[in-house]
Amino acid sequence: MTAINYGQLLQVALPEVIVVVVALTVMAIDLFFLRKYTMRVRFAVAAGLASTGCAGAILRLLLAPGRANILDGMLIANPLTDLVQVALLVLTILTLFISLDSTFTEHVGEYVLLILVATVGMMFLAGSQDLLVIFISLELLSLSLYILTGFDKRSPQSSEAALKYFLFGGMSAAFLLFGFSLLYGLSNSTNLMHIASAIQGPSLNPLLVIAIVTTAIGIGFKVAAAPFHFWAPDVYQGAPAPSAAFIASGSKVASFFLFFQLMAVGFAGAEGSAALTHVVRGWAPVLAMVATLSMLLGNLVAIRQSSLRRLLAYSAIAHAGYMLIAIVAHTQESLAALLYYVVTYAFATLGVFGVIAVVETQTGGDQLSHFDGLSRQAPVLSFCMSIFILSLAGIPPLAGFFGKFYLFVSALDAAPGSMGLLWLVVLAIAMSAVSLYYYLKVLKRIYVASRSVEAGEIRSPILSQLVMLLLAGAVMLLGCAPQLLLRWIPVL
Amino acid sequence: MLAGTVYISFLGAAGMLLLPKGSVASARIFALSTAVAAFAIALATFVQHRTGEMLTVTRVPWIPSLGIEYYLAADGISLTLILLTGIIAVTGILFSWNIEHRTKEFFALYLLLIGAVYGVFLSYDLFLIFVFYEIVIIPKYFLIAIWGSTRREYGAMKLALYSFVGSAMVLIGLIAAYVVAGAKTTTLGDLAQFSFSLHFQMLAFPLVFVGFAILAGLWPFHTWAPTGHVAAPTAASMLLAGVVMKLGAYGCLRVAMTLFPLGLGPWGFHIIGLGSWRDVFALLAVIGIIYGALVALVQKDFKFVVGYSSVSHMGFILLGLMTLNQIGLAGAVLQMFSHGILAGLLFAVVGRMVYARTHTRELAMLGPMDLNNVIPFAAITFVVAGMASMGLPGFSGFVAELMILIGVWRAYPILAVFVGIGIVIGVVYIWRAMQSAFFSDARLESSPTETPLPPISFPERLGAIILIGASVLIGLYPQMLLNIVIPALNSPLFTGLRKGSWQ
């Protein structure tokens, strides 16, 4: 055991430290100075401070990109983790912007604090290759998200969703921990690399099979893949809009990155094969099954939804299915494709939730009928919404399309010559044709349906219009020039 | 310079949204001038470029890590279709002069659609073709769902889903081809040079061909076409039948057939007399010709007659492609142009001149209105368009169908007989529709005091004259197009096709 170099530790963890310090400052300022001001001011100050902190952390990551590996993988820093952490921070800032007009709580300081703490959890999650640290940061993230879900104390739905989320989350954490303990038993190490070299072997140890399955269940829950998705529709529907946006975007990015790391690094050698012609036992066929189930269930159930938030939840399950294909392929290229996909997906989802937040506060609901004729009252928001929705549907030249294209190409490229994953890709493309139906249904409400008289006027606040335009611009720009994002992904 | 057609249309669409609210006239003028500017560019290039060989417009790396290029190029075939797009775009705006409801949005979506169509015809990179091809779907949906008539939301959704399913099939084929070639390039010319294995081509060809042919109205995947055409507003049905269906046919020729020429070859065994995908698709095309014509024969709705006639005429194009001889292929390209013009004209008469005035499309109701005397210009236009559509000499349809027929005679003598039958039925359904809509003996006995129908306006006359003029011009002097189409068919891009089973 080498001695701990605290100086270096601090240096590598500086972005996280910045965010934590800012989080505490925000809470203190809100507690001591801002109590008597209006909600808007409090939210503006808190979110402004928090965003500055996040921006500071981003600057630190960009200006001093480090390569470090502290304590045998407990904390690592390389261009890849830097990129993921920057993306997470950007998503956090955007979430904070979306929450600016919120009125669902008086505990502004605590709310922003929890968002930042969850961000710290995600950042550690991205920057570690050690089971212990991974588990702890995952719990930090999850616990914050449970509270964020139940933050609207006036809404019983919100509490119900939080409880459901918490119960399912607790169970999945147990599964995950069980899997981790087996891994430790098998390899006598908590480092992913060491585990990988310990479990190498011609045949799969039965204990390893259990470890694979329980780990897949644990993380499958985090990414809302079927059949571990039961919490998603309720949480998407019940949580306050900014919380739901955060769960649907930032936490997805972190979880998918972690999922890839765990599987491709930790279980390297036990992947088996999911090619239809010769299935080999391992985690790849397991994940391929989960992906298949998610794509089918997500897309088919989404058709029947009448609430936009629930529709998004099921579409999120479907998207989780697409993204799992990248993990099944587990090449460097598919990692790049996964990162591109999940980041652009997070932008689009954030945008949709931003629009939902505006509409919901003024019409009182997120049923599809509340969006009838929105384009005549809020043309800018409607335009942005159509960009987000079409990007989710995978219509070029938006980012969602290139994401899908790249993902499928990398999946087919994974086993050169054999195209073993063709069946998954075909299924995914077929299912995305199905998805166009329900996405178009949303747009039909906005653009085609006429607004009923009692639905009332909709004002679009300038700030949310700006944020939405920014996001829509990003989705369009990244779709037209994917290179802008791809060249930052260092695995290529 | 040709790339300007795409940019001008997209900029026009964006600029449309910036126009002041509520000024309908300025929106129309702005849209018209945008479309005319794009058309002028297309025409100028058409006049200058007389050889029909590949003309590179723009070529820059787009996504270098995947080898995707932003590569615009035009040869004789694409130039012909770009010209067609220009004509239809301009006349479509002339025929939508009466749009008063959400005018700005209408023309913005219209120009977006036009720009994407130009883009498909100009792209020489598979990825780029696909991008433009999919952009087409969305404005199409909204044009029909917002401004359409009969069962518009159903028709629009059906159309969007059929298109998307088709493009999903194309996407699978393209990704597979890209990965199998493994050369990190999506340029059409490079991929066409790559020799994919016979097995792969046999699987990929029908996938990609059908994917495109869904949009070209191949029987039995045509059912979106009549409902979509009928539901669409006039300008959108002109675009749909005029150019969007051509996108499908163009994709079949340009992508499916050049990339996977071996897929057209014999299977080595026969199932009910069919020995290759080529036989299968030729048979489906002929069924489409006859089926479309027969169904058009019994329609009660005027617009459905024209809608099914489109299915029938698109069958000619697909059949022409499957002849795989020069005259048949050139005839197919000519028919793309000709049908684009004539379908546009027919839909303009039915949708704008008649339906917008009478508010009915029932042939039985139109007859007693004595339209021949009330709006004689509409009657004359329909007679001319009908004659052209039947394939009377002197119009573009005649030359095109004759060339296809000769090609079919060489490739499939038996099918040529059925095509002949299809042409005869074509005469009958046009005749029947003309008779009962304009020259019916039945007279309206009661309520003669209805408000008189407004006369045919100037934009309508202008649009009709442009379209008739184009058809007559090509009918009298088809060499104008053939001079650039045939060299394009002989270009290196089609080498694989020529080596494979070209006769």
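All of these numbers come straight from a predicted model, not from anything done at the bench.

**Structural notes on the overall build of chain A**
Then, number 1: In terms of regular secondary structure, chain A is built from 21 helices and 2 strands.
Then, number 2: In summary, chain A has a C-alpha radius of gyration of 22 Å against a globular reference of 23 Å for 492 residues, a match within 12%.
Then, number 3: In terms of overall dimensions, chain A has C-alpha extents of about 70 × 55 × 40 Å along its principal axes.
Then, number 4: Contacts spanning at least 24 positions in sequence make up 78% of the contacts within chain A whose residues lie at least 6 apart.

**Describing the nonpolar core**
Then, number 1: One finds A:I325, A:V328 and B:L318 to be the most contacted residues of the largest nonpolar core, which totals 415 residues.
Then, number 2: When residues in this core are grouped by element, the largest group, 21 residues, is from helix 15 (residues 332–363) of chain A.
Then, number 3: Contacts of B:L318, omitting those with residues within four sequence positions, involve B:A213, B:A216, B:L218, B:A249, B:C252, B:F281 and B:A285.
Then, number 4: With 5 residues, the next largest nonpolar core counts A:V12, A:I70, A:I76 and A:A77 among its residues.

**Observations concerning the environment of A:M419**
Then, number 1: Note on placement: A:M419 falls in the loop between helix 18 (399–413) and helix 19 (422–447).
Then, number 2: Using a count of 21 C-beta atoms within 10 Å as the deciding quantity, one classes A:M419 as buried.
Then, number 3: In sequence terms A:M419 and A:T95 are 324 residues apart; their C-alpha atoms lie 39 Å from each other.
Then, number 4: Residues contacting A:M419, with those up to four places away along its chain left out, are A:L412, B:A176 and B:V179.

**Here's the deal with the pairing of strand 2 (residues 68–74) of chain B**
All names here are of chain B.
Then, number 1: Burial analysis of strand 2 places 6 of its 7 residues in the buried class, the great majority of the element.
Then, number 2: Looking at chain direction, strand 1 (residues 55–63) and strand 2 are connected through 7 bridges and run antiparallel. Within strand 2, the residue paired with I63 across the bridge is I68.
Then, number 3: Hairpin connection, strand 1 to strand 2: the antiparallel pair is bridged by 4 residues, and G67 has positive phi, about 75 degrees.

**Remarks on the interface of chain A and chain B**
Then, number 1: With 25 residues of chain A at the contact, the number on the chain B side is 24 residues.
Then, number 2: Of all the secondary-structure elements, those providing two or more residues to the side of chain A that touches chain B are helix 18, helix 19 and helix 21 (483–486) of chain A.
Then, number 3: The element contributing the most residues to the side of chain A that touches chain B is helix 19 of chain A, with 11 residues.

**A look at the environment of B:Y118**
Then, number 1: Within the secondary structure, B:Y118 is located in helix 4 (residues 103–122).
Then, number 2: The spacing of B:Y118 and B:L476 is 358 residues in sequence and 27 Å in space, taken between C-alpha atoms.

**Side note on the packing of helix 13 (residues 283–302) of chain A against helix 19 of chain A**
Residue and element names in this part refer to chain A.
Then, number 1: Running from N to C, helix 13 and helix 19 cross one another at 15 degrees; their axes reach a closest spacing of 9 Å. When the axes of helix 13 and helix 19 are compared, the pair comes out roughly parallel. Seen along the crossing, helix 13 lies across helix 19 with a hand that is left-handed. Together, A288, A291, T292, M295, L296, N299 and A302 of helix 13 and L424, L427, A428, M431, V434, S435 and Y438 of helix 19 make up the contact between the two elements.
Then, number 2: When its residues are assigned to classes, the contact of helix 13 with helix 19 shows 11 nonpolar, 3 polar and no charged.

**Examining helix 21 (residues 479–489) of chain B**
Then, number 1: Among the residues making up helix 21 of chain B, those that are buried are B:L481, B:L482, B:I484, B:V485, B:A488 and B:L489.
Then, number 2: Packing partners of the buried residues in helix 21 of chain B comprise helix 3 (76–95), helix 14 (326–358) and helix 20 (458–476) of chain B.

**Some points on unusual backbone geometry**
Then, number 1: Between A:P396 and the following residue, A:P397, the backbone shows a cis peptide bond with an omega angle of 0 degrees.
Then, number 2: Tracing the sequence through the fold places A:P397 in the loop between helix 17 (379–393) and helix 18.
Then, number 3: The linkage connecting B:W219 with the following residue, B:P220, adopts the cis geometry, with an omega of 0 degrees.
Then, number 4: Within the element layout of this structure, B:P220 appears in the loop between helix 9 (198–215) and helix 10 (224–231).
Then, number 5: Its identity is not glycine, yet A:L71 carries a phi of approximately 55 degrees, on the positive side.

**Comments concerning the confidence of the model for chain B**
Then, number 1: With 97% of its residues at a pLDDT of 70 or more, chain B has an overall mean of 88.
Then, number 2: For this predicted complex, the interface confidence score (ipTM) comes to 0.91, while the overall pTM stands at 0.93.

**Thoughts on helix 9 of chain B**
It helps to recall that an α-helix has 3.6 residues per turn; residues three or four apart then point in one direction.
All names here are of chain B.
Then, number 1: Compared with the 26 Å implied by 1.5 Å per residue over 18 residues, the 26 Å span of helix 9 between its first and last C-alpha is a close match.
Then, number 2: Bending of helix 9 peaks at approximately 25 degrees at the position of A204, with proline P206 no more than four residues after it.
Then, number 3: Those residues of helix 9 hidden inside the fold are in contact with helix 7 (152–181), helix 11 (234–259), helix 12 (277–297) and helix 13 (302–323).
Then, number 4: Two residues or fewer after helix 9 comes G217, characterised by a positive phi angle close to 75 degrees.

Cut-offs applied
Residues numbered from 1 in each chain as written. Chains lettered and ligands numbered in written order. Predicted model: local features only at pLDDT ≥ 70, side-chain atom pairs only at ≥ 80, totals over all residues. Helix = DSSP H or I, 4+ residues; strand = E, 2+ residues; numbered from the N terminus. Rg over C-alpha atoms; globule rule 2.2 N^0.38 Å. Contact = placed C-beta atoms within 7 Å. Core = buried A, V, L, I, M, F, W, Y, C linked by C-beta atoms within 7 Å. Buried ≥ 20, exposed ≤ 12 C-beta atoms within 10 Å, placed from the backbone. Pairing = 2+ DSSP bridges. Axes fitted to C-alpha atoms, helices over the stretch in contact; angles between N-to-C directions. Parallel < 35°, antiparallel > 145°, perpendicular 65-115°, else oblique. Left-handed = near helix turned anticlockwise from the far one by under 90°. Nonpolar A, V, L, I, M, F, W, Y, C, P; charged D, E, K, R; others polar. pLDDT = per-residue confidence, 0-100. Expected span 1.5 Å × (residues − 1). Bend = angle between axes of the 7 residues up to and from the residue.

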